[in-house]
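Survey of secondary and tertiary structure
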Amino acid sequence: MTGVLPSKGVCLAFPKIRAIPPTSVLLREGPTVKEITSAIVSGTARAEDFAALPLPESYRGVVVRRDDVGMFEGMDSVDKDPRKSLHVQDVPTPEPGPGEALVAVMASSVNYNTVWSSLFEPLPTFGFLERYGRLSELAKRHDLPYHVLGSDLAGVVLRTGPGVNAWQPGDEVVAHCLSVELESSDGHGDTMLDPEQRIWGFETNFGGLAEIALVKSNQLMPKPEHLSWEEAAAPGLVNSTAYRQLVSRNGAGMKQGDNVLIWGASGGLGSYATQLALAGGATPICVVSSPQKADICRSMGAEAIIDRSAEGYRFWKDERTQDPKEWKRFGKRIRELTGGEDVDIVFEHPGRETFGASVFVTRKGGTITTCASTSGFMHEYDNRYLWMSLKRIIGSHFANYREAWEANRLIAKGKIHPTLSKVYSLDDTGQAAYDVHRNLHQGKVGVLCLAPEEGLGVKNQEMRDKHLHAINRFRTEQG
Ligand SMILES: NC(=O)c1ccc[n+]([C@@H]2O[C@H](COP(=O)([O-])OP(=O)(O)OC[C@H]3O[C@@H](n4cnc5c(N)ncnc54)[C@H](OP(=O)(O)O)[C@@H]3O)[C@@H](O)[C@H]2O)c1
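Residues numbered from 1 in each chain as written. Predicted model: local features only at pLDDT ≥ 70, side-chain atom pairs only at ≥ 80, totals over all residues. Heavy atoms only, no water.

As assigned here, the protein comprises domain 1 (23-234 + 418-478) and domain 2 (254-395). In this structure, domain 1 and domain 2 have C-alpha centres spaced 31 Å apart. Buried surface at the junction of domain 1 and domain 2, both sides included, amounts to about 1,100 Å², of which 55% is carbon and sulfur. Seen at the junction of domain 1 and domain 2, the total is zero salt bridges. Connecting domain 1 to domain 2 are five residue pairs in polar contact (both at pLDDT 80 or more). Looking at the side of domain 1 that touches domain 2, the elements with two or more residues in it are helix 4 (112-119) and helix 17 (473-478). If you tally residues by element for the side of domain 1 that touches domain 2, the top one is helix 17, at three residues. Among the residues forming the side of domain 1 that touches domain 2, the class breakdown is six nonpolar, five polar and three charged. (Domains from an automatic or database assignment. Buried area = accessible area lost by both parts, 1.4 Å probe. Salt bridge = Lys/Arg side-chain N within 4 Å of Asp/Glu carboxyl O. Polar contact = N/O pair within 3.5 Å; in protein donor to acceptor, adjacent residues only side chain to side chain. Helix = DSSP H or I, 4+ residues; strand = E, 2+ residues; numbered from the N terminus. Nonpolar A, V, L, I, M, F, W, Y, C, P; charged D, E, K, R; others polar.)

Next up, the structure:
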């Protein structure tokens with residue numbers, strides 16, 4: 001299903017954003033949005049019914065606004081409040097261009113990139129939209145004074161643009177968040193290497209935290225049939241990222257028997273890395289910060305767990321000086337849990353705070369694979385432990401088309417499960433992002449967009465029943 005590109009012969013009047021009517025005549029809760037929802041919930045509407053549904057002039061989406069960019073100036077990150085910068089507002093519906101699809105979004109999820117966008121850190125996302133807008137007339141549509149966020153969705157295709165053959169209205173889908181142009185050969189072996197690689201809903205507009213979203217059709221993948229809309233929307237970004245970072249040959253290339261140190265093992269990325277390690281015959285060493293999170297890791301099947309709060313590791317003596325004694329204490333603890341072995345792979349993302357320790361505890365010849373720097377991106381580590389012990393640091397970012405597809409396939413086959421802990425309404429997305437920013441959440445936090453309630457959209461009850469305990473693991477444990 002990859003590589004659906006506009007064919008050269010197809011010419012196209014450039015699709016515009018519809019003019020938005022004055023607010024007084026907007027059909028925000030009007031018949032069209034309601035009709036779309038009813039058609040989906042009915043479960044009986046066919047492709048032609050969806051194709052015949054009129055599109056609404058506008059839809060509700062979670063946005064940051066260009067006018068708000070300076071609102072947190074001078075504040076520490078921790079004090080910035082996503083509830084103040086995230087707004088739910090009506091935005092005009094874009095028409096799908098060549099190779100694009102418009103999707104009715106039943107549910108989405110909060111990723112940490114939504115938190116970064118809401119804090120305007122490390123940069124306001126409007127710079128990304130401006131740069132994208134300079135690429136082409138089609139891309140110019142993204143450069144707007146508002147940015148509809150969100151990099152996950154589960155929903156139903158409403159319209160496809162010219163050149164799209166693999167998908168049609170009525171298809172039930174999830175979307176991965178890799179947006180690429182593929183006009184350069186650089187990305188033809190590994191789509192993540194495309195020079196115009198972007199994360200949809202973070203570096204492009206019209207994201208999934210909305211009633212309707214615009215995607216490139218090659219982002220679309222079949223929705224796993226045994227999951228509800230909100231469950232299906234939860235894994236996409238983090239599961240694909242963890243898959244490349246840990247399993248793929250582009251990442252650590254994990255194998256059976258590997259010891260894998262997983263930071264934030266019950267968080268967004270970590271909850272999938274833990275499952276991938278267990279499903280792949282590796283041994284996860286899960287680092288978490290509370291007994292509740294430790295219990296969740298145990299319930300996934302992990303046995304080696306470190307509560308970093310209870311054990312009080314302080315890898316930094318002060319802002320500039322690390323404490324190698326603490327690295328050693330941490331390494332000793334890992335050996336206690338593994339029967340004397342060091343870790344083959346470190347699944348890194350906290351960044352500055354942990355990176356020195358991660359490099360230290362990796363075994364000779366082992367791999368530190370990193371996709372983020374939540375606590376600071378200027379990392380420091382003692383290079384003697386890297387070169388003398390022939391360790392490797394691998395940078396990893398999201399996943400290419402194939403890796404995202406394979407990661408979704410694992411969900412669809414019930415080998416990896418969503419880690420949804422809590423679900424919010426679209427109007428409460430600010431609170432959801434606040435919870436993730438404050439690390440108050442477990443696993444993934446979902447958002448209902450068009451879905452009127454939780455639990456809808458399941459097509460394969462038999463398979464669901466088989467995996468019900470695992471699907472609900474994060475909810476049950478939350479109590
Ligand atoms: N490059 C990519 O493609 C990509 C994709 C997804 C995410 N990311 C990035 O990866 C990071 C994590 O994302 P996520 O979705 O997993 O977020 P998350 O749901 O907040 O989980 C991260 C977990 O890391 C742990 N943690 C946070 N700060 C830490 C610190 N200073 N030291 C040790 N552990 C710490 C916390 O777990 P405990 O408190 O239990 O230890 C937290 O739950 C974010 O910066 C995000 O932007 C990058």
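Most peptide bonds adopt trans geometry, and most residues besides glycine take a negative phi value. Put simply, Glu121 and Pro122 share a cis peptide bond, and its omega is -15 degrees. As for its position among the elements, Pro122 is in the loop between helix 4 and helix 5 (126-133). Its identity as a non-glycine residue notwithstanding, Phe120 has a phi of 60 degrees, on the positive side. According to the relative accessible area criterion, Phe120 is buried, its value standing at 7%. (Buried < 20%, exposed > 50% of the residue type's maximum accessible area, 1.4 Å probe, protein only.)

The subject of this paragraph is the packing of aromatic side chains. Aromatic ring pairs are defined here through the distance separating the ring centres and the angle between the ring planes. Taken as a whole and assessed by the stated rule, the structure comprises 12 aromatic pairs. Here Phe360 and Tyr385 contribute two aromatic rings whose centre-to-centre distance is 4.8 Å and whose plane-to-plane angle is 85 degrees, an arrangement assigned as edge-to-face. Taken together, the residues span a long stretch of sequence, with Phe360 in helix 12 (residues 352-361) and Tyr385 in helix 13 (residues 383-387) at a distance of 25 residues. According to the relative accessible area criterion, Tyr385 is partly exposed, its value standing at 27%. Ring pairing ties together the aromatic residues Trp263, Tyr313, Phe315 and Phe330, which thus form one cluster. The positively charged end of Arg83 is found above the aromatic ring belonging to Tyr434, 3.8 Å away from the centroid. Between Lys223 and the ring centre of Trp229, over which it is positioned, the NZ or CZ distance is 5.2 Å. (Phe/Tyr/Trp six-rings, centres within 6.5 Å; stacked < 30°, edge-to-face > 60°. Lys NZ or Arg CZ within 6 Å of the ring centre and 35° of its normal.)

Attention now goes to the pattern of salt bridges. Per the counting criterion, the structure on display carries 26 salt bridges. As a salt-bridge pair, Glu403 and Arg244 come within 2.9 Å of each other at their nearest N and O atoms. Residue Glu403 is found in helix 14 (residues 401-412), and its partner Arg244 is found in helix 8 (residues 236-247); the two are separated by 159 residues along the sequence. When its relative accessible area of 4% is taken as the criterion, Glu403 is described as buried. When the shortest N-O distance is used, the salt bridge between Arg475 and Glu454 registers 2.9 Å.

Moving on: the pairing of strand 3 (residues 100-110). With 11 of its 11 residues buried, strand 3 lies for the most part within the structure. With five bridges connecting them, strand 3 and strand 9 (residues 212-216) associate as antiparallel partners. Pairing of Val103 across the sheet is with Ala213, part of strand 9. Sheet analysis places strand 3 next to strand 5 (residues 153-160), joined by six bridges and oriented antiparallel. Counterpart to Ala107 in the pairing with strand 5 is Ala154. Bridge count between strand 3 and strand 18 (residues 444-448): four bridges; the pairing is antiparallel. The residue of strand 18 that forms the bridge with Ser109 is Gly446. (Pairing = 2+ DSSP bridges.)

Together, Arg409, Lys413, Lys415 and Lys466 make up a region of like positive charge exposed at the surface. Relative to the elements of secondary structure, Lys413 occurs in the loop between helix 14 and strand 17 (420-425). Residue Lys413 is classed as partly exposed on the basis of its relative accessible area of 45%. (Patch = residues over 30% accessible without salt bridge, like charges linked within 9 Å, V, L, I, M, F, W, Y side chains within 5 Å. Areas by Shrake-Rupley, 256 points an atom, 1.4 Å probe, with all protein chains shown as cover. Lys, Arg positive; Asp, Glu negative; His and termini not counted. Charge placed at Lys NZ, Arg CZ, Asp CG, Glu CD.)

As a further point, take the environment of Glu73. Inspection of the secondary structure assignment puts Glu73 in the loop between strand 1 (58-65) and helix 3 (82-85). Judged by its relative accessible area of 71%, Glu73 is exposed. Put simply, Glu73 and Phe120 are 47 residues apart on the chain and 9.6 Å apart in space, counted from C-alpha to C-alpha.

Okay, the site of the ligand next. Close to the ligand lie 26 residues, the nearest being Ser289, Arg308, Thr374, Phe398 and His441. Here Arg308 contributes a side-chain N or O atom positioned 2.7 Å from an oxygen atom of the ligand. Between the ligand and the protein, one listed contact pairs a nitrogen atom with a backbone N or O atom of Cys371 at 2.9 Å. A total of 910 Å² of accessible area belongs to the ligand in isolation, and the protein chains cover 90% of it. Residue assignment for the shell around the ligand shows that the elements contributing at least two residues are helix 4, helix 8, helix 9 (268-279) and helix 12. In terms of residues, the shell around the ligand owes the most to one element, helix 8, which gives three residues. A class-by-class count of the residues in the shell around the ligand yields 11 nonpolar, 12 polar and three charged. Summarising the domain contributions, the shell around the ligand has at least three residues from each of domain 1 (23-234 + 418-478) and domain 2 (254-395). (Near = heavy atom within 4 Å.)

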